[in-house]
Amino acid sequence: MSSTWHILGAGSLGSLWACRLAQAGKAVRLILRDPARLHAYEAAGGLSLVHNGQAQRHAIPAETADAGTPIHRLLVACKAYDAPAAVAQLAPRLARNAELVLLQNGLGSQDEVASQVPHARCIFASSTEGAFREADWQVNFAGHGFNWLGDPANPLPPDWLDDLTDAGIPHQWTPDILTRLWRKLALNCAINPLTVLHACRNGGLAEHHCEVATLCAELAELLQHCGQPEAATDLQVEVERVIQATAANYSSMYQDVRQGRRTEIHYLLGHACRVAARHGRHLAHLERLHRRLVEHLNARGLPSD
Ligand code: NAD
Ligand code: KPL
């Protein structure tokens, strides 16, 4: 089986993974959106990874989705709302027993992707690494964070985890990946929408302690009812800790809204509200938060799905 890492989406996280794998001598190919993007990438001469103020360029080969070669291993690094359609385009190229690694934050998109490619193995990831783009084809990496990987349908690890070790990508295989993803989703639901609505840094939420506590109680109730009691443990304590530890930062959702970019609300707060409804739970504060956020996004001309 080919050991090439195909990387779908050369944005922040996709570029970060691509550069580290290439630096470790692994075979990597980028899959770009269209011929115009491919042309622009080739003109730039590769991807640059900036770490500790030092930039290093990697001339990683790239192609578009309609290149003919089969794909055995695919890292899906698009936003949650783009991932299902992007993967559907590649479905005809997926080899039998192909493996996909899904880097999307939140929940819901993983199942949407898996339904596009029923014969492939879908490995879910939860990443706390932070990367951002200052310019096209250039990614900045702060150098900390972690990646949890797991497959809810199969506890056996894949045989390529050594590639990640060689590339210095911090990771651990876990059979409880859904618990990790739910826990992160709950943290994101308790913090990110409020930073948008109160227009504040994460630390500003210290002034909205009661609102945060009420949301944490409802999120914990939801986690208990949807079979994720472990993800509910001491949720509020952790939310308060994250608020303090990241007090000076703007949340990712705040930054998206500020820059007029579409948010992943549908796979975060939207997912929490949909699952609550499915379980017949009426979670008044979460639902109200969702409505307020949707109104806020719509008022700015941003999609709310
Ligand atoms: P991004 O917007 O920087 O990158 C996504 C890339 O996918 C873009 O370059 C876009 O053009 C590309 N893309 C979309 N559709 C495509 C298609 N059909 N074909 C080819 N390319 C396509 O996003 P990101 O910040 O890297 O985030 C990716 C996912 O990782 C998100 O779910 C995000 O929440 C999660 N995440 C990001 C970070 C981070 O620090 N950036 C950290 C943790 C988790
Ligand atoms: O993950 C985050 C984000 O900004 O998306 C934090 C703020 C740390 C938790 O919600």
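Computed from a prediction, not measured in an experiment: that's the story for all the values here. (Residues numbered from 1 in each chain as written. Chains lettered and ligands numbered in written order. Predicted model: local features only at pLDDT ≥ 70, side-chain atom pairs only at ≥ 80, totals over all residues. Heavy atoms only, no water.)

1. A look at the domain arrangement of the protein chain
Working step 1: Here the protein chain is described as being made up of domain 1 (5-175) and domain 2 (179-299).
Working step 2: Centre-to-centre, using C-alpha coordinates, domain 1 lies 26 Å away from domain 2.
Working step 3: Listed as interface residues are 18 residues of domain 1 and, on the opposing side, 13 residues of domain 2.
Working step 4: Between domain 1 and domain 2, the buried area comes to about 1,500 Å², and carbon and sulfur atoms account for 59% of it. (Domains from an automatic or database assignment. Contact = heavy atoms within 4.5 Å. Buried area = accessible area lost by both parts, 1.4 Å probe.)

2. Notes on the site of ligand 1
Working step 1: The full set close to ligand 1 counts 25 residues, and Ser12, Leu13, Glu129, Ala131 and Glu264 are the nearest of them.
Working step 2: Contact between ligand 1 and Ser12: an oxygen atom at 2.9 Å from a main-chain N or O atom of the residue.
Working step 3: Here an oxygen atom of ligand 1 and a backbone polar atom of Glu129 are 3.4 Å apart.
Working step 4: Alone, ligand 1 offers 830 Å² of accessible surface; in the complex the protein occludes 85% of this.
Working step 5: For the shell around ligand 1, the secondary-structure elements that each account for two or more residues are α1 (12-23), β2 (28-32), α3 (83-90) and β9 (131-135).
Working step 6: In terms of residue class, the shell around ligand 1 is made up of 11 nonpolar, eight polar and six charged. (Near = heavy atom within 4 Å. Polar contact = N/O pair within 3.5 Å; in protein donor to acceptor, adjacent residues only side chain to side chain. Areas by Shrake-Rupley, 256 points an atom, 1.4 Å probe, with all protein chains shown as cover. Helix = DSSP H or I, 4+ residues; strand = E, 2+ residues; numbered from the N terminus. Nonpolar A, V, L, I, M, F, W, Y, C, P; charged D, E, K, R; others polar.)

3. Quick look at the sheet that holds strand β7 (residues 94-102)
Working step 1: The eight strands lie next to each other as β5-β2-β1-β6-β7-β8-β11-β12, forming an open sheet whose pairing is mixed. This sheet does not close on itself; its edge strands, each paired only once, are β5 (62-64) and β12 (171-173). Shown here is a sheet whose adjacent strand axes are inclined to one another by a mean of 25°, direction ignored.
Working step 2: Here strand β11 (residues 147-150) runs beside β12; their pairing, made up of three bridges, is parallel. Counted as the bridge partner of Asn147 is His171 from β12.
Working step 3: Contacts from α3 reach β1 (5-8), β2, β6 (71-76) and β7, with the element oriented near 165° to β6.
Working step 4: The sheet contacts of helix α6 (residues 177-197) involve β8 (121-127) and β11, and relative to β8 the element is tilted by about 40°. (Pairing = 2+ DSSP bridges. Axes fitted to C-alpha atoms, helices over the stretch in contact; angles between N-to-C directions.)

4. Here's the deal with the site of ligand 2
Working step 1: Around ligand 2, a shell composed of Leu187, Asn188, Ile191, Asn192, Asn202, Val242, Ser251 and Ser252 is seen.
Working step 2: One of the side-chain nitrogen or oxygen atoms of Asn192 is found 2.7 Å away from an oxygen atom of ligand 2.
Working step 3: At 2.5 Å, a side-chain N or O of Ser252 approaches an oxygen atom of ligand 2.
Working step 4: For ligand 2, whose accessible area on its own is 280 Å², the fraction buried by protein is 79%.
Working step 5: For the shell around ligand 2, the element with the most residues is α6, which contributes four residues.
Working step 6: Its residues assigned to classes, the shell around ligand 2 comprises three nonpolar, five polar and no charged.

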